[in-house]
Amino acid sequence: MSDSGLLAALYESIGVQPHGLRGQVDVARIEVHHNRVLGVHLVPGLEVDATERENGIEAKILVTEGTLIEKPIQVCFGMIPPDGLQQIVLEVEIEPRARAAIVAHCVFPNARQIRHEMDAMLTIGEGAQYAYLERHIHGADGGVVVVPRSKVQVGEGARYQTDFELIRGRVGEIDIDLEVTGQAHSVSEVTARISGAGDDRVSIRETARLVGQYARGVLTSNIALRDSARAVVYNTLVASAAYARGHVDCKEIVQDNAVAKAVPIVEVNHPKAHVTHEAAIGSVNSKQLETLMSRGLNEDQAVDLIIQGLLGGPSSIAAPESSLREIQV
Amino acid sequence: MNILQLKDVTLDLGGKRILNHLSLDVREGHIHALIGPNGAGKSTTANVIMGLSGYNDFEGDVLFQGESLRGLSVDQRARRGITLAWQEPARFEGLSVRAFIRAAAKDKSDDKIREALDQVGLEPGKYIDRAVDKTLSGGERKRVELASILAMEPKLVLMDEPDSGIDVEALDRIFQALKIFKQKQATVLAITHSLAVLRQAEHALLLCCGRMVDKGSVDRIAYYFEKKCVPCDHLDPVVRLAEDANVG
Ligand SMILES: Nc1ncnc2c1ncn2[C@@H]1O[C@H](COP(=O)(O)OP(=O)(O)OP(=O)(O)O)[C@@H](O)[C@H]1O
Ligand SMILES: [Mg+2]
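Conventions and cut-offs
Residues numbered from 1 in each chain as written. Chains lettered and ligands numbered in written order. Predicted model: local features only at pLDDT ≥ 70, side-chain atom pairs only at ≥ 80, totals over all residues. Heavy atoms only, no water. Donors = N, O, S within 2.8 Å, 3.2 Å for Na, K, Ca; no water. Helix = DSSP H or I, 4+ residues; strand = E, 2+ residues; numbered from the N terminus. Buried < 20%, exposed > 50% of the residue type's maximum accessible area, 1.4 Å probe, protein only. Pairing = 2+ DSSP bridges. Axes fitted to C-alpha atoms, helices over the stretch in contact; angles between N-to-C directions. Contact = heavy atoms within 4.5 Å. Salt bridge = Lys/Arg side-chain N within 4 Å of Asp/Glu carboxyl O. Left-handed = near helix turned anticlockwise from the far one by under 90°. Nonpolar A, V, L, I, M, F, W, Y, C, P; charged D, E, K, R; others polar.

Undergrad: Please clarify how the coordination of the magnesium ion (ligand 2) should be interpreted in this entry.
TA: By definition of the ideal shapes, a tetrahedral metal site with four donors has angles of 109.5 degrees and an octahedral site with six donors has angles of 90 or 180 degrees. Residue and element names in this part refer to chain B. Within the protein, Ser 43 (OG) and Gln 87 (OE1) serve as the donor atoms for the magnesium ion (ligand 2), at 2.0 to 2.3 Å. Of this pair, Ser 43 sits in helix 1 (residues 42–50) while Gln 87 sits in the loop between strand 6 (82–85) and helix 3 (97–104), and the two are 44 residues apart along the sequence. We classify Ser 43 as partly exposed; its relative accessible area is 21%. Judged by its relative accessible area of 31%, Gln 87 falls in the partly exposed class.

Encoded structure:
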């Protein structure tokens, strides 16, 4: 398939008109198919250095000091063929006081046996703001193994928001590993929203270390499972400075023969730090269910709506017209 | 005509008698207030009528438009035109106000959803995209729930303490909602501890210890209210009234 054919196929799976997006000069884009960089469009203050490797790409994304990139940078990583390996090595640096958001679509619509690995190192500079939405679009049969690994340094007074979404198509197997370290007065918000069915397997391992005074961090996992899907969530929050505040929140709705497990670890090693955790795992909340049923929805419709809400999430990052001003951490 | 009748309803929960041979009639198209002290069984009565889980194992019968509701699920009752506004409305993580109201609405257009929000005094532009979760205050959540019920256009609305957690200004909106229900010939059974809400009703029912202690005009029941009929010691209210009069 030609590059333009691949690009069209990727965008079609996302439900976006490529020429519509490509016509917007103020929207930065990075388009990658397997190990081919199909397109890069930059805006002032954004530098991208991408190298093609045997099974993927290595890229550095830099937002220079003080730059405000108004519109979210649109990134697309995908594979149209049913089989293959895609390895993405990514270095992201948001320099001090810069502000940027990325909406990344990871698209594997025909997957039969695909492995997608992502190794990311992120540095969010002092007073910078960075929001990242990773939206996965998979085919109906699973057949994807997704292994994202990230290490994130959130500088003093910086804000970091990341939102992982896998609600369209089957999960296959996913194994998320993320570690974030927050300096003084930083805010880190890590969210995962995943819907599993069939024999999907979900594993989430997220750690936030709040090492600076007044650092704040929230780890949120919202997961819905059907059939014989399984999920396990290990969320660890460590607060080790005065007035550091953290919260771990795990909600898993389980239907049919699905199995969910959550292991929150909260650790405090400063007398003035404070962390909390909340986990709700099981069937749909009966009060929510009966409220919607008392408005005329049958049980299945009510369950669907509740799950839709749970997984719909806060993603203000996703709206094409959304600017950073609207992104609240 | 009575749209709803409870006939000799007796319900035990946790080994305790909560409703005790309770009978009551609700007149079609009228606003009723159900009052009584904490623990009297008011919410339980509403839950039995709505058919919530855990409230279906009772003696006696509940008739809606002359037919027994026994064996009907919550949504079947809702589709017949019955709904309930909870004393403490549920929170829905991530579910938008728009989606929540639309789910209930008869006319699912955005205009109708906005109109319903407007009717409860919540500025549609500000609220329609918010989530019905912990980021809404308790009072806001109650008003969003009421908006969803206005949009649903039910025949019988059970309102469990519509005024609790509602500020003075918003209380007017609740009263307006009652007027809208009335205009649409809907029937309202409003549970309340507020004299102001009681005064909006056309009929009042006084419940104590799971029994109907008295019913009739609002003025008559308001008399108990002002006399702080708590606890009633299961005394015949008419006797009590007479005793009060003698003492006074
Ligand atoms: N599931 C239950 N198991 C045991 N007791 C219950 C249960 N539900 C309610 N009760 C008891 O039934 C009684 C009536 O409760 P209900 O909630 O109907 O009171 P209420 O009149 O609505 O009071 P309030 O004004 O405080 O809202 C209370 O004593 C309550 O503790
Ligand atoms: Mg009550």
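Back to the text.
Undergrad: Teacher, can you tell me more about the sheet that holds strand 3 (residues 46–53) of chain A here?
TA: Strand pairing in a sheet takes place through backbone hydrogen bonds and is either antiparallel or parallel in direction. All names here are of chain A. The 9 strands are arranged 3-4-6-8-10-12-14-16-18 in an open sheet whose pairing can be described as mixed. Lying at the two open borders of the sheet, with one neighbouring strand each, are strand 3 and strand 18 (259–268). For this sheet, the mean angle separating the axes of adjacent strands, direction not counted, is 5°. Where strand 14 (residues 201–210) meets strand 16 (residues 230–239), 10 bridges bridge the pair, whose relative direction is parallel. Its bridge partner being in strand 16, Arg 201 is matched across the sheet by Arg 230.

Undergrad: So what exactly am I meant to see when it comes to the sheet that holds strand 15 (residues 216–225) of chain A here?
TA: Residue and element names in this part refer to chain A. The mixed open sheet is built from 10 strands, whose spatial order is 2-1-5-7-9-11-13-15-17-19. What marks the edges here is a single partner per strand, and that holds for strand 2 (36–41) and strand 19 (274–282). Going across the sheet, the axis of each strand differs from the next one's by a mean of 5°, ignoring polarity. Across the face of the sheet, helix 1 (residues 3–14) comes into contact with strand 1 (29–33), strand 2, strand 5 (73–78), strand 7 (99–108), strand 9 (129–138) and strand 11 (159–168) while running at roughly 105° to strand 1. Strands in contact with helix 4 (residues 299–312) are strand 11, strand 13 (187–196), strand 15 and strand 17 (245–254); relative to strand 15, the strand with the most contacts, it is inclined by about 145°.

Undergrad: Just checking my understanding: could you explain the pattern of salt bridges for this structure?
TA: Think of it this way: side chains of opposite charge can pair up when their charged atoms draw near. For the structure shown, the criterion picks out 35 salt bridges over all chains. For A:Asp83, the salt bridge identified is with A:Arg112, shortest N-O distance 2.7 Å. Of this pair, A:Asp83 sits in strand 6 (residues 83–94) while A:Arg112 sits in the loop between strand 7 and strand 8 (113–124); the two residues are 29 residues apart in sequence, bridging distant segments of the chain. Looking at A:Asp83, the relative accessible area reads 33%, which means it is partly exposed. The exposure class assigned to A:Arg112 is exposed, which follows from its relative accessible area of 58%. A salt bridge links B:Asp12 to B:Arg17, with the nearest nitrogen and oxygen atoms 2.9 Å apart. By relative accessible area, B:Arg17 is classed as partly exposed at 44%.

Undergrad: Looking at this structure, how should I read unusual backbone geometry?
TA: Outside of glycine, negative phi angles account for most residues, and trans bonds account for most peptide bonds. Residue and element names in this part refer to chain A. You will see that Arg 97, though not glycine, has its phi angle at about 60°, which is positive. Here Arg 97 shows up in the loop between strand 6 and strand 7. Arg 97 sits in the partly exposed class, given a relative accessible area of 46%. Positive phi, normally seen in glycine, also occurs at Tyr 243, with a value near 60°. Position of Tyr 243 relative to the elements: it lies in the loop between strand 16 and strand 17.

Undergrad: Can you walk me through the packing of helix 3 of chain B against helix 6 (residues 138–152) of chain B in this structure?
TA: Working note: a packed helix pair is described by the angle between its axes plus the distance between those axes. Residue and element names in this part refer to chain B. Where helix 3 meets helix 6, the closest approach of the two axes is 7 Å, and the angle between their N-to-C directions is 35°. The two elements helix 3 and helix 6 meet at a crossing, and its hand is right-handed. Contact residues: helix 3 offers Val 97, Phe 100, Ile 101 and Ala 104, while helix 6 offers Val 144, Glu 145, Ala 147, Ser 148, Ala 151 and Met 152. Here the residues of the contact of helix 3 with helix 6 sort into 8 nonpolar, 1 polar and 1 charged.

Undergrad: Looking at this structure, how should I read helix 3 of chain B?
TA: Every α-helical turn comprises 3.6 residues, leaving residues that sit three or four positions apart pointing alike. The buried count for helix 3 of chain B comes to 7 of 8 residues, which makes it a mostly enclosed element. Along helix 3 of chain B, the residues classified as buried are B:Val97, B:Arg98, B:Ala99, B:Phe100, B:Ile101, B:Ala103 and B:Ala104. In the core, the buried residues of helix 3 of chain B are packed alongside helix 3 (286–293) and helix 4 of chain A together with helix 4 (110–119), helix 5 (124–127) and helix 6 of chain B.

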